[in-house]
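Fold and contact review
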Amino acid sequence: MSNEENVNKTEENVNKVEENVNKSESSVKSVAGNLVSSILNLKEKNPKVFFGAIGGVVVLLIIIMASGGDSSSSVSGPAIKNLVVGQKYVLKSPNTYDKAATIRLVAVPGTIAAYDDTEEDDRTGVCKHMPQGTPVTVTDLQDFSGKKNAFAKVQMLEGECQGKDGWVLSINVQ
């Protein structure tokens, strides 16, 4: 086959595609026109059925929008990771994007919510506020208020607090 024959066949194929597109376009227009004329004809001949159908569609849309989703959903925070005693982790708070934020360590689990940092030593004491990203090892886990492993006892692996331990919320160990 020569190049001219290939060009001619390609042009014929393009022309056929254009004809098919034009036919499809005109058939879509005619179907849409027939549908619109049928609806308008129904409105003129039987307005009760026409407006009843519109009302039915509106009621159906309201029911779909009002049904929502799962009715048993509840608000929950970040999931606590399944921590393993002896495993290495880092301290990281999922509740902040501030890299300078620290994570509070306490001597007894459960006292995190009750601590009073009005004393200077509580705010600036060594090994009480650890920077995020501090490598730790989990040495113990504690349940609290029906939540399994809500607190983790961690031991610092690096820095000036290496070897010291304290309790943190398990959500802050990742």
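The following paragraphs examine the structure supplied in this document.

How each quantity is defined
Residues numbered from 1 in each chain as written. Predicted model: local features only at pLDDT ≥ 70, side-chain atom pairs only at ≥ 80, totals over all residues. Heavy atoms only, no water. Pairing = 2+ DSSP bridges. Helix = DSSP H or I, 4+ residues; strand = E, 2+ residues; numbered from the N terminus. Axes fitted to C-alpha atoms, helices over the stretch in contact; angles between N-to-C directions. Disulfide = S-S within 2.5 Å. Buried < 20%, exposed > 50% of the residue type's maximum accessible area, 1.4 Å probe, protein only. Salt bridge = Lys/Arg side-chain N within 4 Å of Asp/Glu carboxyl O.

So, about the sheet that holds strand β6 (residues 165–169). Read across the sheet, four strands follow the order β1-β4-β5-β6 without closing on themselves; strand pairing throughout is antiparallel. Of all strands in the sheet, those with a lone pairing partner are β1 (88–90) and β6, marking the two edges. Adjacent strand axes in the sheet meet at a mean angle of 50 degrees, parallel and antiparallel pairs treated alike. Examined bridge by bridge, β1 and strand β4 (residues 135–144) share three bridges and lie antiparallel to one another.

The term disulfide refers to a covalent linkage connecting the sulfur atoms of a pair of cysteines. Under the criterion given, the structure shown has one disulfide. Shown here is the disulfide that connects Cys127 with Cys161, its sulfur atoms set 1.8 Å apart. Judged by the torsion about the S-S bond (-100 degrees), the Cys127/Cys161 disulfide is left-handed. One end of the pair, Cys127, is in the loop between α3 (120–124) and β3 (129–131); the other, Cys161, is in the loop between β5 (147–156) and β6, with 34 residues separating them in the sequence. Of the two residues, Cys127 and Cys161, neither departs from the other in class, the shared state being buried.

With the rule as written, the count across this model stands at one salt bridge. Among the ionic pairs, Asp165 bridges to Lys153, the shortest N-O distance being 3.6 Å. Within this pair, whereas Asp165 is found in strand β6, its partner Lys153 is found in strand β5, the two being separated by 12 residues in sequence. Of the residues examined, Asp165 reaches a relative accessible area of 45% and is grouped as partly exposed.

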